[in-house]
Amino acid sequence: MLVLFETPAGFALFKVLDEGKLNKVEDLSKEFLAADSTRKVVSLQAFSKFENTAEALEAATKLLESTPSKGLRKFLRAHCDGETLGVADSKLGNAIKEKLKIDCVHNNAVMELLRGVRTQLTELISGLGAQDLAPMSLGLSHSLSRYKLKFSADKVDTMIVQAIGLLDDLDKELNTYAMRIREWYGWHFPELTKIIQDNIQYAKAVKLMGDRANAAKLDFSEILPEEVETEVKEAAVISMGTEINDLDLINIKELCDQVLNLAEYRAQLYDYLKSRMNTVAPNLTALVGELVGARLIAHGGSLLNLAKQPGSTVQILGAEKALFRALKTKHSTPKYGLIYHASLVGQAAPKHKGKISRSLAAKAALAIRCDALGDDQDNSMGLENRAKLEARLRALEGKELGRSAGSAKGKPKIEVYDKDRKKGAGLITPAKTYNPAADSLIGQITNSTALEEQDTVPKKKKKTEAKPALAEEAVDVPAHEEKKEKKKKQKKADQEAVLPTNENEPEEEPAPKEKEKKKKKKRQAEDDGENVEVEEKKQKKRKHAEEEEPEVQTKKEKKKKKKKSED
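Residues numbered from 1 in each chain as written. Predicted model: local features only at pLDDT ≥ 70, side-chain atom pairs only at ≥ 80, totals over all residues. Heavy atoms only, no water.

Colleague: How should the pattern of salt bridges be read in this particular structure?
Modeller: Pairs can form between side chains of opposite charge whenever their charged atoms are close. Per the stated rule, a full pass over the model turns up twelve salt bridges. Across the salt bridge formed by R39 and D36, the nearest N and O atoms sit 3.6 Å from each other. Of this pair, R39 and D36 both sit in helix α1 (residues 35–41), three residues apart, which is roughly one turn of that helix. For R39, a relative accessible area of 40% puts it in the partly exposed group. The class of D36 is exposed, set by a relative accessible area of 57%. The partner of K233 in a salt bridge is E229, and the shortest N-O contact between them spans 3.3 Å. (Salt bridge = Lys/Arg side-chain N within 4 Å of Asp/Glu carboxyl O. Helix = DSSP H or I, 4+ residues; strand = E, 2+ residues; numbered from the N terminus. Buried < 20%, exposed > 50% of the residue type's maximum accessible area, 1.4 Å probe, protein only.)

Colleague: Any chance you could explain helix α2 (residues 53–64) here in plain terms?
Modeller: Since one α-helical turn is 3.6 residues long, residues separated by three or four positions face the same way. With twelve residues, α2 should cover 16 Å at 1.5 Å per step; its first-to-last C-alpha distance of 16 Å lies within 8% of that length. Residues of α2 that are buried: A56, L57, A59, A60, T61 and L63. (Expected span 1.5 Å × (residues − 1).)

Colleague: Mind showing me how you'd approach the packing of helix α12 (residues 246–280) against helix α14 (residues 290–300) here?
Modeller: Relative to each other, α12 and α14 sit at 75°, their axes nearing to 10 Å. One element, α12, and the other, α14, form an angle in the roughly perpendicular class. Residues Y270, L273, K274 and M277 of α12 touch α14, and the partners they reach there are E290, L291, G293, A294 and I297. (Axes fitted to C-alpha atoms, helices over the stretch in contact; angles between N-to-C directions. Parallel < 35°, antiparallel > 145°, perpendicular 65-115°, else oblique. Contact = heavy atoms within 4.5 Å.)

Colleague: Help me out: how do you make sense of the confidence of the model for the chain in this one?
Modeller: Close reading of the predicted structure is inappropriate where its pLDDT is low. With 71% of its residues at a pLDDT of 70 or more, the chain has an overall mean of 78. For residues 400–415, every residue scores under 50 in pLDDT, and the model assigns this stretch seven contacts once sequence neighbours within four places are set aside. Within the model, the stretch residues 498–511 combines pLDDT values under 50 with nine contacts to residues more than four positions away or in other chains. (pLDDT = per-residue confidence, 0-100.)

Colleague: Is there a simple way to think about the sheet that holds strand β5 (residues 104–105) in this case?
Modeller: The strands making up a sheet associate through hydrogen bonds between their backbones, and the pairing can be parallel or antiparallel. Overall, mixed pairing links the five strands, which are arranged β3-β2-β1-β4-β5 in an open sheet. Where the open sheet ends on each side, the last strands, each with one partner, are β3 (42–49) and β5. With seven bridges connecting them, strand β2 (residues 10–16) and β3 associate as antiparallel partners. The residue of β3 that forms the bridge with F14 is L44. Packed on one face of the sheet, helix α3 (residues 70–79) meets β1 (2–6), β2, β3 and β4 (85–86) and runs near 25° to β2. (Pairing = 2+ DSSP bridges.)

Colleague: Explain the packing of aromatic side chains to me, please; I cannot follow it from the model alone.
Modeller: What describes a pair of aromatic rings is the distance from one ring centre to the other and the angle between the planes of the rings. Scanning the model with the defined rule gives three aromatic pairs in all. Geometrically, the ring pair formed by F11 and F50 is edge-to-face, given 5.4 Å between the ring centres and 80° between the ring planes. With F11 in strand β2 and F50 in the loop between β3 and α2, this pair connects stretches of sequence that are 39 residues apart. Judged by relative accessible area, which is 3%, F11 ranks as buried. (Phe/Tyr/Trp six-rings, centres within 6.5 Å; stacked < 30°, edge-to-face > 60°.)

Colleague: Before we go on, may I ask you to explain the environment of L269 in this structure?
Modeller: Along the chain, L269 falls in helix α12. In this structure L269 comes out as buried when scored by relative accessible area, which is 9%. In contact with L269, other than residues within four places in its own chain, are A163, L166, L167 and L170.

Colleague: Can you walk me through the side chain of S69 in this structure?
Modeller: With respect to the secondary-structure elements, S69 resides in the loop between α2 and α3. With residues up to four places along the chain from it excluded, the contact list for S69 reads F11, A59 and K62.

Colleague: So what exactly am I meant to see when it comes to the nonpolar core here?
Modeller: The nonpolar side chains of a soluble globular protein tend to be buried with one another. Counting residues in each nonpolar core, the largest one holds 38 residues, and the members touching the most others are L273, L284 and L360. By residue number, the principal contributor to this core is helix α19 (residues 353–373), which donates seven residues. Two domains each provide a minimum of three residues to this core, namely domain 2 (158–268) and domain 3 (281–401). Non-local contacts of L360, meaning those with residues more than four positions away in its chain, are made with L287, V288, I339, A342, L344, V345 and L389. Counting residues in each nonpolar core, the second largest holds 27 residues, with A205, V206, I223 and V259 among its members. (Core = buried A, V, L, I, M, F, W, Y, C linked by side-chain atoms within 4.5 Å. Domains from an automatic or database assignment.)

Structure, rendered in structure tokens:
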């Protein structure tokens, strides 16, 4: 009987020398207390060594899946003909039996035997010491855990976070040092600041020139173009700067050396960041560039954290202050954050920057997920999406799109609601047109005042004065009828002038109630004439009473004066 034992260095087959001891499982552990007693129970039959860690990792992963690897199958075919094989995994034994036709055993005795072999492994396998076995097992466990977590050692975004942070710090320091050189050397040669705009060229020129009197003798061809060189030499002759000491020049040149060294280190760091971004996030780099992609990863914390964010968050990442300020003050939220510095957004016109940044953020979110969770190492997806965004940008600049997204085929037809229309029938009432003449209220006001005056006539007087009016009607019937006809014509003419009728409205016959109302109005109009006479009489009486009141008052005053004189 043979026993299969897996080690970090390779596979081992042990021959069971005394199979009778397997019947007593309880006493089997005593046999492995010493190396001599162990050699009496088992002996090494064959050993298959792994060539490299990749082969060891492949074999270990296959064993976790309970399937034999290619190397294990070759090894068992060569050494297990006609033998039964003891294995630690029953599923692995079934797979070996199906593929290699080898009888496999898995029971308590085999497990106890393997436990004893593990304790005396270095004694049983010559050349495999404990000092070699420990690092092998540690390295294999790390590789196995990385494989199980789908973690690649190449995709370490911590390096990117640190590199972009250091790059930003270097830019700040370089700018500060360069401005210090310009201020310091500007006392001696102030015209040079306007002539040379680039900070690195300025530092090189100052380091080479020293005192401005040396400018005419020196050759600046390696540093400056010919036009700038001639301008510097001309300005050095007529400069308005003060004289400078040699000690000051030494310190200024040392500061120039610092600036040049920092600039050189920054260039190396940028190349390193470029290579890391192309390895870790190739699709994101193809879309937004190395610097913007690295800043997004640094702002998100890691590539995996950034992959959990939606496109809307990626769009405004870096503009959190503006977002919360806009939400607090109820103003419009920002359209872009760090993504504003991407080349695609920079190419767009100001009115299209919002649309392009939104589209770019959506594509960037997909690219980040592909880089963080995908197995592909190429940037094909990023290049394809960049081409689509460039096409969209050209379409936006060429003409405004008719619709934003989707198709208009499935949109429902919207009909205007008409309350006068019934289902399956025509209009209940004819349609009405707007009459602008009805907006005037002048005629309506005059008509309403006339009606109010008619209503103010007291009812009692109407009853009392109705009898004499009827008597007069009986006497002068023909004359009164002529007056009525004239009044009717005048009323119709007034109504047509004040309230113009709608031409589209159908003519309706007057109802019997309306006829009665008209008769009442006519009677009131007839009674108005008599009421006017009564009112005139009242006014005369009031005037007469008012004239009498001052005469009475004068008499009273005379009486009072007489009484006072008598007293």
